[in-house]
Amino acid sequence: MLDPDRPPPRVAAPERQRSRGRIHLSVDCADGHDTRIRDIAEAGPARLRLPRRPRGPCEAVLLNTAGGIACGDTFGVTVEVGAGADLVLTTTAAEKIYRSDGPVSRLTTCATLAAGARLAFLPQETILFDQAALERQFSADLAPDARLLAFEAVTFGRTARQEPITRGHLTDIWRIRRGGRLVYADSVRLDGDLSVQLARAAIGGGARAMATLLDVSPEAEGRLEQARAILDDVALDGVAAAASAWNGHLVVRCLGTDPDALRMLAQRLLTAYRGQPLPRVWQA
């Protein structure tokens, strides 16, 4: 029997069941031409799909069967691209980051590229809902002659609702090493009322979406004028974009007051810069 003069015992709050998604993909090239799968591992709601393809580069599509990310979910992807192999890694759709009442969700992608390897990392955009909290990290370790082309975009709020981000958090970290030496480091951190912060001229100039394209390859720095010419050709109202090159790599940054226009510009830019169509899931 409980003593009425004593307070009831405290019961610990139940621990939430969160999504823990993991993908590991390893590819190699046995004959110098056709890239093949060497190893795949999947865990949680993270899945990998391999569309039928002709001989040559391998295309892999990341899929989140949970339908989105929220409240402390964690997803990790590790990729190993063997010597001479050619891999295109994308996502089946835009990734949605739902509101959180405190816990931060984490997305990490780590890639290793051996001699002569190629990786095009081309996920579709990440959409932050109001009150979302996300930490995202992309890292890659390249052999001196390997080639990496990486693109990532973020949309702030659901565009159909004209949703502002009254409270949110985004940390986005990129670290690229070539031959074991750090050659590219970029960190972005936004916290609080993101819509108000992005309205400031020194931060976003009213942008509702942003994107980064990074080319790390032996010829990247020499393609600066080509990249700028492509940007002139694909320019759209509502998107500001510029390219720069240094230290053996090339970077294109985009800010868009219109997220749909930014996505369209990104599609045209990637197609022209790569000289080949985007993965089919981008056109769905």
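By convention here, each chain's residues receive numbers from 1 onward along its written sequence. With pLDDT at 70 or above as the cut-off, local features in this predicted model cover only qualifying residues; side-chain atom pairs require 80 or more to be listed or tallied, and sums for whole chains, interfaces and linings still use all residues. Excluding hydrogens and water, the side-chain figures rest on all heavy atoms present in the structure.

*Asks:* Looking at this structure, how should I read the environment of Thr-91?
*Replies:* Among the structural elements, Thr-91 can be located in strand E6 (residues 86-91). Sequence separation of Thr-91 and Gln-124 is 33 residues, and the distance between their C-alpha atoms is 5.9 Å. Once residues lying within four places of it in the same chain are set aside, the contact partners of Thr-91 are Val-61, Leu-62, Leu-122, Pro-123, Gln-124 and Val-281. For Thr-91, the side chain forms a polar contact with the main-chain oxygen of Ala-93, separated by 3.2 Å. Nitrogen and oxygen atoms within 3.5 Å of one another constitute a polar contact, given that in protein one can donate a hydrogen and the other can accept it, and given that sequence-neighbouring residues count only through two side-chain atoms. Of the polar contacts made by the side chain of Thr-91, one reaches the backbone nitrogen of Gln-124; its length is 2.9 Å. By the criteria applied, helices consist of DSSP H or I runs no shorter than four residues and strands consist of E runs no shorter than two, each listed in order from the N terminus. The contact criterion used throughout is that any non-hydrogen atoms of two residues lie within 4.5 Å.

*Asks:* Explanation requested: the nonpolar core in the structure shown.
*Replies:* One broad rule of soluble globular proteins: the nonpolar side chains tend to lie buried together. Among the nonpolar cores identified, the biggest contains 49 residues, and Leu-148, Phe-156 and Ile-176 are the most heavily contacted of them. Setting aside residues up to four positions removed in sequence, Phe-156 forms contacts with Leu-128, Glu-163, Ile-165, Leu-170, Leu-190, Leu-194, Leu-198, Arg-208, Ala-209 and Met-210. With 29 residues, the next largest nonpolar core counts Ala-209, Ala-227, Leu-262 and Leu-269 among its residues. Remark: nonpolar core denotes a set of buried residues (Ala, Val, Leu, Ile, Met, Phe, Trp, Tyr, Cys) joined through side-chain atoms within 4.5 Å. Buried residues are those whose accessible area, probed at 1.4 Å on protein chains only, stays under 20% of the maximum for their type, while exposed residues exceed 50% and partly exposed ones sit between those limits.

*Asks:* In this structure, what is going on with unusual backbone geometry? I would like to understand it.
*Replies:* For residues that are not glycine, phi is negative in most cases, and the peptide bond is trans in most cases. A positive phi angle, near 50°, is found at Cys-71, a position not held by glycine. Positioned with a positive phi, Asn-247 is a non-glycine residue whose angle comes to about 55°. Along the polypeptide, Asn-247 turns up in the loop between strand E16 (239-246) and strand E17 (249-256).

*Asks:* I'm lost on helix H2 (residues 224-234) in this one. Help?
*Replies:* Each full turn of the α-helix corresponds to 3.6 residues, which orients residues three or four apart in the same direction. Every buried residue of H2 is accounted for by Leu-224, Ala-227, Ile-230, Leu-231 and Val-234. All buried residues of H2 fall inside an arc of 125° around its axis, so they share one side. Along H2, exposed side chains directed more than 90 degrees from the buried face belong to Glu-225, Asp-232 and Asp-233. This arc describes the spread of directions from the helix axis toward the C-beta atoms.

*Asks:* Can you help me understand the side chain of Ser-217 in this one?
*Replies:* Counting through the fold element by element, Ser-217 comes out in the loop between strand E15 (209-216) and H2. A distance of 3.0 Å separates polar atoms of two side chains, one belonging to Ser-217 and the other to Asp-215. Dropping the residues within four chain positions of it, Ser-217 is found in contact with Ala-146, Arg-147, Arg-178 and Gly-248.

*Asks:* Even after reading the chapter, I still don't get the sheet that holds strand E11 (residues 133-142), so can you show me in this structure?
*Replies:* Sheet strands pair via backbone hydrogen bonds, and the direction of the pair is either parallel or antiparallel. Any two strands are treated as partners once DSSP identifies two or more bridges connecting them. Read from one edge of the open sheet, 7 strands run E2-E1-E5-E8-E11-E13-E14, paired in mixed fashion. The open sheet has two edge strands, strand E2 (35-43) and strand E14 (181-192), and neither has a second partner. Averaged over all adjacent pairs, the angle separating strand axes in this sheet is 5°, with direction ignored. Where strand E1 (residues 20-29) and E2 come together, 8 bridges link them in antiparallel fashion. From the neighbouring strand, Cys-29 faces E2, where its bridge partner is Thr-35. Helix axes are fitted to C-alpha atoms over the stretch in contact, other axes to C-alpha atoms as well, and angles between N-to-C directions run from 0 to 180 degrees.

*Asks:* Whenever I open this one, the pattern of salt bridges confuses me. Can you help?
*Replies:* Close approach of charged atoms lets side chains of opposite charge pair. A pair is scored as a salt bridge if a Lys or Arg side-chain nitrogen falls within 4 Å of a carboxyl oxygen belonging to Asp or Glu. Inspection of the entire model under this criterion finds 12 salt bridges. A salt bridge links Glu-163 to Arg-158; the nearest nitrogen and oxygen atoms lie 2.7 Å apart. A relative accessible area of 25% means that Arg-158 is categorised as partly exposed. Taken together, the shared-partner salt bridges connect Glu-42, Arg-47 and Arg-49 into one network.

*Asks:* Explain the environment of Asp-86 to me, please; I cannot follow it from the model alone.
*Replies:* One can find Asp-86 in strand E6. The class for Asp-86 is partly exposed, based on a relative accessible area of 22%. Sequence-wise, Asp-86 and Asp-237 are 151 residues apart; in three dimensions their C-alpha atoms are separated by 35 Å. Look past the residues within four positions of Asp-86 in its chain and what remains in contact with it is Thr-35, Pro-57, Cys-58 and Arg-118.

*Asks:* Any chance you could explain the packing of aromatic side chains here in plain terms?
*Replies:* The way to describe two aromatic rings as a pair is by their centre distance and the angle between their planes. Note on ring pairs: Phe, Tyr and Trp rings are taken, using the six-membered ring of Trp, and paired if centres are within 6.5 Å. Classes follow the plane angle, with under 30 degrees stacked, over 60 edge-to-face and the rest tilted. The tally for this structure, following the rule as stated, stands at 5 aromatic pairs. Aromatic side chains Tyr-98 and Phe-129 sit 4.9 Å apart centroid to centroid with 80° between the ring planes, which places their arrangement in the edge-to-face category. Remark: Phe-129 occurs in the loop between strand E10 (126-128) and E11 and Tyr-98 occurs in the loop between strand E7 (95-97) and strand E8 (105-113); sequence separation between them is 31 residues. The class for Tyr-98 is partly exposed, based on a relative accessible area of 30%. Taken together through their ring pairs, the aromatic side chains of Phe-121, Phe-138 and Trp-174 make up a single cluster. Lysine NZ or arginine CZ positioned within 6 Å of the ring centre and within 35 degrees of the ring normal marks a charge as sitting over the ring. Over the ring of Tyr-273 we find Arg-223, and its NZ or CZ is 3.8 Å from the ring centre.

Honestly, it's all geometry; don't read function into it.
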